[in-house]
Amino acid sequence: MAYTPTMSSIKSRRKVTPAAAADNVDSAEKLDQLLLSSAISNGEDVGPFVRKAFASGKPETLLLHLRHFSRSKESEIEEVCRAHYQDFIQAVDDLRSLLSDVDSLKSSLSESNAKLQAVGLPLLTSLDSFVEARNVCRNVNLALQSVRSCVRLMELCSRSNYHLSRGNFYMALKCLDTIECVFLDKTPSSTIKRMLEKKIPEIRWYIERKVMKDFNDWLVEIRVVCRNLGQLAIGQASSARQREEDLRIKQRQAEEQSRLSLRDCVYALEEEDEDPVGDDSSNGEGVDLTPLYRAYHIHQTLGVEDRFKQYYFENRKLQLTSDFQDYVSLLGVTLRRYGYLVDPLLDVLSKHRDKYHELLLSDCRKQITEALSADKFDQMLMKKEYEYSMNVLSFQIQTSDITPAFPYVAPFSSTVPDCCRIVRSFIEDSVSFMSYGGQIDFFEVVKKYLDRLLSEDLDGALVKLINTSISAVSHAMQVAANMAVMERACDFFFRHAAQLSGIPLRMVERGRRQFPLCKARDAAEDILSGLLKQKVDGFMMLMEHVNWMADETLQNGNEYVNEVIIYLETLVSTAQQILPPKVLKRVIQDVLSHISEKIVGALLGDTVKRFTVNAIMSIDVDIRILESFADNQAPLLSEEDANQLKSALAESRQLVNLLLSNNPETFLNPVIRERSYNNLDYRKVVIISEKLRDSSERLFGTFGSRGSRQNPKKKSLDSLIKRLKDMA
């Protein structure tokens, strides 16, 4: 540890003898210098040295010592800097020497870069061209592959169409399977892929329907062939028994002759080689099972083998049951003629009849559902006369005996002829079944099941379609037009059933009942009216802009009524092309009645607090515009129907007439009320009449007219309001 001088040591030094002090002056200064240097080096306090220097009066000595210490440290610093930074200086010198080498290297690199750029630029250009050409080549190869794939796909499609046109359904299905399994997912064209995804199921369904048609024809044919084969088998058995009887007779004759000992004669039985089938065996009828095997094979290919088996067994069972019904019916009629009791047998036959018709109704329900689900709600286009004959004349649904020009756009959609074919087929099947039952008068039975098909199955399916699938005015209008055509078709159905049953038509006309599809007709008209009301409500919202405190009357009506008239006129011009006048009248009448209710509701509602006579006169103009629209429908409707259209506005018309009347109090007269205000509810009259504000009741008007005479009309209206409130 460094020595630190204290005050006591200093004082003790001052007590040294003068002789010794003189001898030791130099050594004392050196010691002080050494102590000062040591204290500064050790970071000690130099205060005592400063106080000692000033106390002794020799501050110069202290300064001298400090300068000496400073010079000694400077030399040390210089030595340290020289020792520590000599390498740095050497490095700087080396860097300066390298600077010239760097400049030469830089120029060399610049020259090399220029040469590289000169050589590499053409190569880069060639590389870009190569990459672009390779991309083009790749795209061309992909395009070629796509084209080849599409060409193969189109070849398969063409081959499938060829097989379809030739009736080779199995080969067509194989082509479809190849298209679906191999090409469909790899098809580069999204348009072709969407087309195939849509058309492949349709083609399969077409093939199945075509094969089933041939199979159903075969079922009809096999029924006739089986009967003929049965008759042929019975004839052959009878012929065989007759030949055996003849042979036995000849054998007895031979034995008789042998007993007479006619030994000189030899008798032998000679049998003629007779074909058991007969000489016309080659002309006999055989059973061609090709449609059966073909239908089974096609359904097996389509993967619906079990469904076909079930269909085949059900139909064959139904045929066998039907054939058994026919023969048993004939037997029952024969037994009854001979006086035998056949009531239990007839009960069995009645159960078979009901079962047959239940199966027939079930099949018709499925067909009706399919026909309705396939309807696009578009008017049917007929390009040829045979189409018109097949879809219109065959069901007697034409409105004129004059054949129209072609192409002809019918007022109905494809649902109408499809449903007509289903119902006509049901009638013919029912009559065909009942005609073998031994009953002479079976029209009532056919009529009962026909009425059930129409009023329950067809009507219910139409109501379901209307309630679930109709959301546009055009669709609702088309369904309403279809129902009008079906009303004529139902008359044809009952006439057709009577003709096939041998019943005079006058008896059918005499026993005519209501339209069996009335629920579907009402539902169609209701939904059409509802959709039209929704459209009209959008225009009626413009009543919010009516100025109920107007000072003048609008001569051309309010904005809402002009918009409503434009829409109604457009609607009528479109609807009159497909809707019958009666249906159009009912729909328009319902819409006008709704508009009238909206007008009265606006005056009755809380939105309108007060209104003036001028505002009511503007409403009167609106109602006259609506009444004029109703009058303009006279060329389409009868005069009576046009008047009924105007009567739909009766409530709003009578209310406006009452508010504009000079003597509203006549509303209380029962005779006048029944004649002129029979559609008004007195409670509504009270609420609306209280809102009528006379011109004299304007702001500050009561002060200026306080002493004037009260308006007689206002007085009569106030009296009416008071008496009606008393009645309430």
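Residues numbered from 1 in each chain as written. Predicted model: local features only at pLDDT ≥ 70, side-chain atom pairs only at ≥ 80, totals over all residues. Heavy atoms only, no water.

Asks: Talk me through the overall build of the protein; I want residue IDs and the actual numbers.
Replies: Within the protein one finds 25 helices and four strands. Per-residue burial over the protein gives 32% buried out of 728 residues. Counting only contacts in the protein whose residues sit at least 6 apart along the sequence, the fraction spanning at least 24 positions is 78%. Surface summary for the protein: the accessible area is close to 45500 Å², and the carbon and sulfur share equals 55%. (Helix = DSSP H or I, 4+ residues; strand = E, 2+ residues; numbered from the N terminus. Buried < 20%, exposed > 50% of the residue type's maximum accessible area, 1.4 Å probe, protein only. Contact = heavy atoms within 4.5 Å. Areas by Shrake-Rupley, 256 points an atom, 1.4 Å probe, with all protein chains shown as cover.)

Asks: Explain a negative patch on the surface to me, using residue names and the numbers behind them.
Replies: Together, Asp363, Glu370, Glu428 and Asp429 line one region of the surface with negative charge. Those elements giving two or more residues to the negative patch turn out to be helix H10 (343-373) and helix H12 (415-435). Along the polypeptide, Glu428 turns up in helix H12. Judged by its relative accessible area of 37%, Glu428 is partly exposed. (Patch = residues over 30% accessible without salt bridge, like charges linked within 9 Å, V, L, I, M, F, W, Y side chains within 5 Å. Salt bridge = Lys/Arg side-chain N within 4 Å of Asp/Glu carboxyl O. Lys, Arg positive; Asp, Glu negative; His and termini not counted. Charge placed at Lys NZ, Arg CZ, Asp CG, Glu CD.)

Asks: Please set out the state of the cysteines residue by residue, giving values where relevant.
Replies: Counted according to the given criterion, the structure contains zero disulfides. The closest cysteine sulfur to the non-disulfide-bonded Cys150 is located on Cys157, 9.9 Å from its own sulfur. We classify Cys150 as buried; its relative accessible area is 17%. (Disulfide = S-S within 2.5 Å.)

Asks: Provide a residue-level description of empty space enclosed by the protein, including the pertinent values.
Replies: If you walk through the whole model with that rule in mind, you get six cavities of 30 Å³ or more. Quantified by volume, the largest cavity comes out at close to 70 Å³. When residues in the lining of the largest cavity are grouped by element, the largest group, four residues, is from helix H14 (residues 473-501). A class-by-class count of the residues in the lining of the largest cavity yields nine nonpolar, two polar and one charged. (1 Å grid on protein atoms, 1.4 Å probe; cavity = no way out; pocket = protein on both sides within 12 Å on 5 of 7 lines; lining within 4 Å. Points joined across faces, edges and corners; volume = space filled by probe spheres on them. Nonpolar A, V, L, I, M, F, W, Y, C, P; charged D, E, K, R; others polar.)

Asks: Let's hear about the nonpolar core: which residues, and what values?
Replies: Membership of the largest hydrophobic core comes to 121 residues, with the highest contact counts inside it found for Phe493, Leu579, Leu592, Ile595 and Phe611. Within the second largest apolar cluster, 27 residues are counted, among which are Ala172, Val211, Ile298 and Phe308. (Core = buried A, V, L, I, M, F, W, Y, C linked by side-chain atoms within 4.5 Å.)

Asks: Report on the packing of aromatic side chains, specifying residues and quantitative values.
Replies: Applying the stated criterion across every chain yields a total of seven aromatic pairs. Seen from their ring centres, Tyr296 and Phe308 are 6.3 Å apart, and the 50° between their planes marks the pair as tilted. Of the two residues, Tyr296 is situated in helix H8 (residues 290-302) and Phe308 in helix H9 (residues 305-337); the sequence distance between them amounts to twelve residues. Plain terms: the ring middles of Tyr388 and Tyr408 are 5.5 Å apart, the flat faces sit at 85° to each other, and that makes the pair edge-to-face. Within this pair, whereas Tyr388 is found in helix H11 (residues 385-391), its partner Tyr408 is found in strand E2 (residues 408-409), the two being separated by 20 residues in sequence. Using a relative accessible area of 5% as the deciding quantity, one classes Tyr388 as buried. Using a relative accessible area of 22% as the deciding quantity, one classes Tyr408 as partly exposed. (Phe/Tyr/Trp six-rings, centres within 6.5 Å; stacked < 30°, edge-to-face > 60°.)

Asks: Explain the side chain of Ser596 to me, using residue names and the numbers behind them.
Replies: Within the element layout of this structure, Ser596 appears in helix H18 (residues 581-604). For Ser596, a relative accessible area of 1% corresponds to the buried category.

Asks: An account of a nonpolar patch on the surface is requested, with residue identities and associated values reported.
Replies: The grouping of Leu124, Leu127, Phe130 and Val131 at the surface amounts to a nonpolar patch, some 360 Å² of accessible area in total. Relative to the elements of secondary structure, Leu127 occurs in helix H5 (residues 59-166). A relative accessible area of 44% means that Leu127 is categorised as partly exposed.

Asks: Any chance you could break down unusual backbone geometry for me, citing the residues and the numbers?
Replies: In this model, Phe406 is joined to Pro407 through a cis peptide bond whose omega is 0°. The topology assignment puts Pro407 in the loop between H11 and E2. Despite not being glycine, Phe377 shows a phi value in the positive range, around 60°. Mapping Phe377 onto the fold places it in the loop between H10 and strand E1 (381-382). Judged by its relative accessible area of 11%, Phe377 is buried. For Gln396, which is not glycine, the phi dihedral falls at a positive 55°. With respect to the helices, strands and loops of the structure, Gln396 is situated in the loop between H11 and E2. Judged by its relative accessible area of 37%, Gln396 is partly exposed.

Asks: Tell me about the environment of Arg723, and please be specific about residues and values.
Replies: Mapped onto the elements of the fold, Arg723 is located in helix H25 (residues 712-727). A residue is classified by how much of its surface remains accessible, and Arg723, at 44% relative accessible area, is partly exposed. Each C-alpha atom, one on Arg723 and one on Glu665, is 9.2 Å from the other, the two residues being 58 residues apart in sequence. For Arg723, the residues in contact, after removing those within four places along its chain, are Glu665 and Leu668.

Asks: Residues and numbers for the packing of H18 against helix H20 (residues 639-647), please.
Replies: Two numbers describe how H18 lies on H20: the axes approach to 8 Å, and their chain directions differ by 20°. One element, H18, and the other, H20, form an angle in the roughly parallel class. H18 and H20 meet at a crossing whose hand is right-handed. Contacts between H18 and H20 involve Lys582, Lys585, Ile588, Gln589 and Leu592 from the former and Asp641, Gln644, Leu645 and Ser647 from the latter. Counted by class, the contact of H18 with H20 contains three nonpolar, three polar and three charged residues. (Axes fitted to C-alpha atoms, helices over the stretch in contact; angles between N-to-C directions. Parallel < 35°, antiparallel > 145°, perpendicular 65-115°, else oblique. Left-handed = near helix turned anticlockwise from the far one by under 90°.)

Asks: Lay out the environment of Ile565 in plain terms, naming residues and giving numbers.
Replies: For Ile565, the location among the structural elements is in helix H17 (residues 559-575). Relative accessible area serves as the criterion here: at 10%, Ile565 is assigned to the buried category. For the pair Ile565 and Ile625, spaced 60 residues apart in sequence, the C-alpha separation works out to 8.1 Å. In contact with Ile565, not counting residues within four places along its chain, are Ile625, Leu626 and Phe629.

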